[in-house]
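# A look at the structure
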Amino acid sequence: MQRAWKGKTPRRPALKKTNNVEKDPVGVYCRIRPLGAEDEECCVEMISSSTIQLHAPDGLKANRNGEYKETQYSFTKVFGINTGQMELFEDVARPLVEDLIQCKNGLLFTYGVTGSGKTYTMTGSPGEGGLLPRSLDMLFNSIGPFQAKRFVFKPDDKNGIDIQSQVDALLERQKRDSQQSVPKTPSSRQKADLEFADMITPEESRKSKNIDEDCSYSVFVSYVEIYNNYIYDLLEDAQFDSVRPKPPQSRILREDQNHNMYVAGCTEVEVKSTEEAFEVFWKGQKKRRIANTQLNRESSRSHSVFTVKLAQAPLDADGDYILQDKNQVNVSQLCLVDLAGSERTSRTRAEGSRLREAGNINQSLMTLRTCMEILRENQMCGTNKMVPYRDSKVTHLFKNYFDGEGKVKMIVCVNPKADDYEETVLVMRFAEMTQEVEVARPVDRPIYHLAAGRRHRNQAFKDELSRRLEERGGPVNGGDSALMNQLIESLPALPPCELVDPTDDQTLPRLIEVLEQRHRIRQMMTEQVTHTANKVKFMLQQFDSQMSSKDTFVHDQQSKLNEKEKVILNQKTEIERLEKKSKTLEYKIDILQKTTEMYEQDKRSLQQELEGQEQMLQKELSERRRMEQRMQGVVTDTKLKWEKECERRVNAKQLEMQNKLWVKDEKLKQLKAIVTENSSGGSFPPEPPKKPERPSRERDHTMPQKRSASPTALPTVPPVRPTHRRSRSAGGEKWVDHKPASNLELDTVMQPIIPNAIKVSTPNEKALSKCHKYVLRHQELASDGEIETKLIKGDVFKTRGGGQAVQFTDIETLKQECPTAPSRKRRSGSDEGPAQTEDIENRAPVGGTSSSNGYQKRRRP
Ligand code: ADP
Ligand code: MG
């Protein structure tokens, strides 16, 4: 099988290598022909529908001492003497034709001795058409209406098929007609009077049901004869010289791109009907016969090969024309082979060159047998012996059926007459062996990826169109156009118009006649064209008038449509606007989202910061609280310490002062005693009518009276007379402000301002006599290192002796503190309240009174 669409991909499955290829054995059928009228003894017996039995003729048995036994042979099927041509066709050839239509290759050959009925089986006899005409009939019945126009498919001389356009095909048709100058092939059933008419037994029902109607088909036939291992083209258009016959040109075999063998340059005739195909075959047959006679050949010694090639290609998507693509063309072929008689040379009384030729013929059949044997051995034993296809033309030609794929069938023809017995035995052996050979099953046809039913739809459309045209009175499709086509096809081709003889009075008249005929047809065509044009014009006018009435309606519709379109347009703009807006909003949302995210991030970081700071604050607070507690402790400790210290010092001072006072008292007592002794025993005047003596007054002043605070000798009565006290209301108190020169000037805000004061650095009697009050500014270093100013206040009394005495009544303490000094800090940390810049302490009067009489007062600024 050839498939151009497969390109150069080898189609030959390597049978010896791949075992998964599906294979079928060669179908071997046996046909027994009836005994001839002159023959009496029958040595073949049909046992069953698949088995025969050979009986050795009586003469042979007698001669060879029972060497020949009765042998049985089995086949795919055995056809007995009563089997008709039709039955044989149905069983053997029909499946092959079916395969051919399904793009699968087939090979059918007849084998047997001369006279066994090979030609009868293949070609048939008048009234009894053989497998060949019946196969053609079935093929054309199947593809009949789906055939492409002539020359649409065109052999490419490489065993492939090209495809060309309808126009190119038409031009080629006309060219061929003019060249051949012969009347075209008569239409199919018009040839009843032909000599082979009886060979074709047409039967309408004989057709394939699996035809693809969406394909276009074309059939090409070729016919070759292989004689003496030479191939001759039986359809070659060579002028046969009857005077000096020259031997026909032999052909060579070539392999195509799909590894199929073909006869190079072999004529392939495109045929459109069974009759035409058979006519071609018959022509070849005649030629063969003539050549055999002329060249003195033994006709039974030649093999004839009739090849039916079917090209098919899918219709385009419209179902109108064939798809103009060579790759889509599928080609399949069925070879019908009538082999030469298989008998050995000795049987024919051949001599000379004919003997040699016969040897060669035997040689080809011998090669066939060898090939089958080796094939069988390779397949059965797994060996890889080389099959000698090339040893003969016959085996070489069919090489790819066995090496590649295809369907192979063989009909073994048997003449049961006793004379043929020995040859028949050989035939049977070969047949038995052959049916053990397996051939790869052809693959299924390719699938076209186009919708099915294209042709049907296109036809329906055309029918509907012509119906409507008819309704309107227009040209009918298949009417006018068919007539036109007929006219075109009937244009006679121009005869040869070469004038070689001046007396030639035939060429020119013939030419004139043809030209006149062509002119007439041309006129008819012109008329036809004018007629059709008029019809079309009339229809157009009608159509126009119909259109104008419809025009208003259409106009209305159009305006409505325009309105709608406007509305749609407006809506579209609105939609666009909204879309833009939504896009803007989306953009804004996007930005806002981003901003929100940023803010949230900020918020988070700030919160974190805040938390950190709060933690720090808490830490600081707790630290401070801890510090405060510590400080408080320290302050309390220090306060206690200092209180104790102060108390201790005060006690020490008091003790010291008491001691001093006691010493002074003692001195005074001694002094008194002295004084008393001096006044010779006078007592101390009870009243002071006398003015005290100056020196004593002076003494008094220098030693101001101070009562000892000694607890042991506490005076209950002041040493002065209170009655001598000046009235304060009489003109305000007058102060003696005693400020020793050693005093430091302090830069304090609170300075005691004493009105009506007489400021002295050393007290004198004069000043004291004028005043009622005395104040001493005494400065000393306090325990904390600060200067402490004490205002020691006292009342001035006139002594009995006329002197002045001062009774100390009050001590005010002025103290200045530095804020950074630890003592102050301690004070601020105490529970006593806010820090004081200055303390003024009013102490209990010391002079003349015991501490129990004193009071303590604290003033705050
Ligand atoms: P082959 O081609 O094998 O040499 P043919 O086909 O020429 O033999 O047959 C020889 C003769 O036998 C022919 O006249 C043919 O009509 C006749 N014949 C062969 N087979 C049959 C058959 N099955 N029925 C009737 N006649 C037959
Ligand atoms: Mg024959």
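Residues numbered from 1 in each chain as written. Chains lettered and ligands numbered in written order. Predicted model: local features only at pLDDT ≥ 70, side-chain atom pairs only at ≥ 80, totals over all residues. Heavy atoms only, no water.

Rules: UniProt positions are given in the numbering used here, feature names are shortened, and annotations may be inferred rather than shown by experiment.
For the chain, an unreviewed UniProt entry supplies the name Kinesin-like protein and the organism Nothobranchius furzeri. Listed under Sequence similarities (unreviewed entry) in UniProt, the entry text for the chain is "Belongs to the TRAFAC class myosin-kinesin ATPase superfamily. Kinesin family."

## Overview of the overall build of the chain
Spelled out, the test is: Secondary structure elements are defined from DSSP: runs of H or I of at least 4 residues count as helices, runs of E of at least 2 residues count as strands, and each element is numbered from the N terminus. Accessibility here uses a 1.4 Å probe with only protein chains present; expressed as a share of the type maximum, an area under 20% marks a residue as buried, one over 50% as exposed, and anything in between as partly exposed. Here, residues are in contact when the closest pair of their heavy atoms is within 4.5 Å. Accessible surface is estimated by sampling points in the Shrake-Rupley manner with a 1.4 Å probe; for residues, cover comes only from the protein chains shown.
Within the chain, the secondary structure is distributed over 16 helices and 29 strands. Taken over 861 residues, the chain has a buried fraction of 40%. Sequence separation of 24 or more characterises 72% of the internal contacts of the chain that already satisfy a separation of 6 or more. Carbon and sulfur atoms make up 53% of the accessible area of the chain, which amounts to about 50,700 Å² in all.

## A few points about the pattern of salt bridges
How we decide: One side-chain nitrogen of Lys or Arg within 4 Å of one carboxyl oxygen of Asp or Glu is enough to make a salt bridge.
Tallied over the full model, the rule gives 34 salt bridges. The closest approach of N and O atoms between aspartate 444 and lysine 104, which form a salt bridge, is 3.1 Å. With aspartate 444 in the loop between β22 (438–440) and α11 (454–471) and lysine 104 in the loop between α2 (85–101) and β8 (106–111), the pair connects residues that are 340 residues apart, well separated along the chain. The exposed category is assigned to aspartate 444, whose relative accessible area is 58%. For lysine 104, a relative accessible area of 13% gives the class buried. In this structure, the salt-bridge partner of arginine 150 is glutamate 276, at a minimum N-O distance of 3.0 Å. Placement of the pair is arginine 150 in the loop between α4 (131–143) and β11 (153–155) and glutamate 276 in helix α6 (residues 274–294), with a sequence separation of 126 residues. Residue arginine 150 is classed as buried on the basis of its relative accessible area of 14%. On the basis of relative accessibility, which here comes to 8%, the residue glutamate 276 falls in the buried class. Because the salt bridges share partners, they merge into one network encompassing Glu22, Asp24, Lys407 and Arg441.

## Considerations on the site of ligand 1
Short version of the rule: Residue proximity to a molecule or strand is established when one non-hydrogen atom of the residue lies within 4 Å of it. Pairing of N or O atoms within 3.5 Å defines a polar contact, subject to two protein rules: one partner must be a possible hydrogen donor and the other a possible acceptor, and residues neighboring in sequence count only if both atoms are side-chain atoms. Polar here means any residue other than Ala, Val, Leu, Ile, Met, Phe, Trp, Tyr, Cys and Pro, which are nonpolar, and Asp, Glu, Lys and Arg, which are charged; Gly is therefore polar.
Taken together, Arg31, Arg33, Pro34, Val113, Thr114, Gly115, Ser116, Gly117, Lys118, Thr119 and Tyr120 make up the full set of residues near ligand 1. Contacts to ligand 1 include arginine 33, whose side-chain N or O atom sits 2.8 Å from an oxygen atom. Here ligand 1 has 550 Å² of accessible area as a free molecule, and 68% of this is covered by the chains. Grouping the constituent residues of the shell around ligand 1 by class yields three nonpolar, five polar and three charged.

## Regarding the packing of aromatic side chains
Just so we agree on the cut-off: Aromatic contacts are taken between Phe, Tyr and Trp rings whose centres are within 6.5 Å, Trp giving its six-membered ring; a plane angle under 30 degrees counts as stacked, one over 60 as edge-to-face, and the others as tilted. By the criterion adopted, a ring carries a charge over it if an Arg CZ or a Lys NZ lies within 6 Å of its centre and within 35 degrees of its normal.
Taken as a whole, this structure holds ten aromatic pairs when the rule is applied. Taken together, the ring pairs in this structure connect Tyr223, Phe278, Phe281, Trp282 and Phe306 into an aromatic cluster. Over the ring of phenylalanine 89 we find arginine 206, and its NZ or CZ is 5.3 Å from the ring centre. The side chain of arginine 289 reaches across the aromatic face of tryptophan 282, ending 5.7 Å from its centre.

## A look at the pairing of strand β25 (residues 773–781)
For clarity, the cut-off: Any two strands with at least two DSSP-identified bridges between them are counted as paired.
Of the strand pairs in this sheet, strand β23 (residues 735–738) and β25 are connected by four bridges, and their pairing is parallel. Across the sheet, the residue bridging to valine 736 is tyrosine 774, located in β25. One ladder, built from nine bridges, connects β25 with strand β26 (residues 787–798); its direction is antiparallel. Residue pairing in the sheet places leucine 781 in a bridge with isoleucine 787 of β26. Here β25 folds back onto β26 in antiparallel fashion, the turn holding five residues, of which glycine 785 has a positive phi close to 95°.

## Considering the packing of α4 against α6
The condition is simple: Here an angle of 0 to 180 degrees is reported between the N-to-C directions of two axes, which are lines fitted to C-alpha atoms, with helices fitted over the stretch in contact. Helix crossings are classified by the rotation of the near helix relative to the far one: an anticlockwise turn of less than a right angle makes the crossing left-handed, while a clockwise turn makes it right-handed.
In the contact formed by α4 and α6, the axes pass within 9 Å of each other and the chain directions differ by 150°. When you trace α4 past α6, the crossing you get is right-handed. Packed against α4, whose contacting residues are Leu132, Pro133, Leu136, Asp137 and Phe140, the element α6 presents Thr274, Ala277, Phe278 and Phe281 at the interface. For the contact of α4 with α6, the per-class residue count stands at seven nonpolar, one polar and one charged.

## As for the sheet that holds strand β4 (residues 44–46)
The strand order across the open sheet formed by three strands is β4-β5-β6, and the pairing between neighbours is antiparallel. With partners counted over all chains shown, the strands left at the sheet margins are β4 and β6 (71–74), one partner each. Along the sheet, successive strands turn relative to each other by an average axial angle of 25°, direction set aside. Contacting β5 (51–54) and β6, helix α10 (residues 421–434) crosses the sheet at an angle of about 40° to β6.

## Side note on the side chain of serine 218
One can find serine 218 in strand β13 (residues 215–227). When near neighbours in sequence (up to four residues on either side) are disregarded, serine 218 contacts Phe153, Glu270, Lys272, Lys309, Leu310 and Ala311.

## Brief notes about the confidence of the model for the chain
As a reminder, the rule being used: Per residue, pLDDT measures the predictor's confidence, with a range of 0 to 100.
In the predicted model, the chain carries a mean pLDDT of 81, and the fraction of residues at 70 or more is 80%. Considering only residues more than four positions removed or in separate chains, one finds that residues 1–18, a stretch of pLDDT under 50, has 68 contacts. Below pLDDT 50 for its whole length, residues 681–727 participates in 90 contacts with residues either more than four positions away or in separate chains.

## Re α2
Quick reminder of the rule: We define the bend at any residue as the angle between the axes fitted to the seven residues before and including it, ending there, and the seven starting there.
Considering bend angle alone, the principal kink of α2 is centred on alanine 93 and spans about 50°; proline proline 95 follows within four residues of it. For α2, the tally of buried residues reaches twelve of 17 residues, placing the bulk of the element in the interior. Along α2, the positions that sit buried rather than exposed are Gln85, Leu88, Phe89, Val92, Ala93, Arg94, Leu96, Val97, Glu98, Asp99, Leu100 and Ile101. Immediately beyond the C-terminal end of α2, within one or two residues, lies cysteine 103, with a positive phi of roughly 70°.

## Side note on a nonpolar patch on the surface
Stated precisely, the cut-off is as follows: What makes a patch is a set of residues exposed beyond 30% relative accessible area and free of salt bridges, joined within 9 Å when like-charged and within 5 Å when nonpolar (Val, Leu, Ile, Met, Phe, Trp, Tyr).
A contiguous nonpolar surface patch, about 320 Å² in accessible area, is contributed by Val536, Leu540, Phe543 and Met547. Relative to the elements of secondary structure, methionine 547 occurs in helix α13 (residues 507–678). In this structure methionine 547 comes out as partly exposed when scored by relative accessible area, which is 31%.

## A few points about the pairing of strand β27 (residues 804–816)
With eleven of 13 residues buried, β27 is to be regarded as a mostly interior element. Turn length for the β26-β27 hairpin, with the two strands adjacent in sequence and antiparallel, is five residues, and the turn residue glycine 802 shows positive phi of about 90°.

## As for the nonpolar core
Where we set the bar: Take the buried Ala, Val, Leu, Ile, Met, Phe, Trp, Tyr and Cys residues and link them wherever side-chain atoms come within 4.5 Å; each set so joined is a nonpolar core.
Grouped together as the largest cluster of nonpolar side chains are 54 residues, with contacts concentrated most on Ile52, Phe75, Leu107, Phe398, Phe402 and Met428. With residues near it in sequence (within four places) discarded, isoleucine 52 still touches Cys30, Ile32, Val44, Glu45, Met46, Ile47, Thr71, Gln72, Tyr73, Phe75, Val78 and Met428. Grouped together as the second largest cluster of nonpolar side chains are 45 residues, Ile101, Leu139, Ile211 and Val280 included.

## Considerations on the environment of aspartate 784
By the secondary structure assignment, aspartate 784 is in the loop between β25 and β26. On a C-alpha basis, the gap between aspartate 784 and tryptophan 642 in space is 9.3 Å, while along the polypeptide they are 142 residues apart.

## Examining the UniProt feature "binding site: ATP" (unreviewed entry) in the chain
Per the UniProt annotation, the sites labelled "binding site: ATP" (unreviewed entry) are Gly112, Val113, Thr114, Gly115, Ser116, Gly117, Lys118 and Thr119. Along the chain, glycine 115 turns up in the loop between β8 and α3 (118–122). Dropping the residues within four chain positions of it, glycine 115 is found in contact with Arg33 and Asn415. With respect to the helices and strands, the residue serine 116 is situated in the loop between β8 and α3. The exposure class assigned to serine 116 is buried, which follows from its relative accessible area of 2%. With sequence-adjacent residues up to four places away left out, serine 116 is seen in contact with Arg33, Cys413, Val414 and Asn415.

## Observations regarding α6
Definition in use: The span expected for a helix works out to 1.5 Å for each residue beyond the first.
In a regular helix each residue adds 1.5 Å, so 21 residues correspond to 30 Å; α6 covers 30 Å between its end C-alpha atoms and thus fits that length. Of the residues one or two after α6, asparagine 296 is the one with positive phi, at around 55°.

## Quick look at the state of the cysteines
Here is the rule: Two cysteine sulfur atoms make up a disulfide if the distance between them is within 2.5 Å.
Considering all chains together, one arrives at zero disulfides under this definition. With no disulfide of its own, cysteine 30 lies closest to cysteine 413 among cysteine sulfurs, the gap being 8.2 Å. Since its relative accessible area comes to 0%, cysteine 30 is described here as buried.

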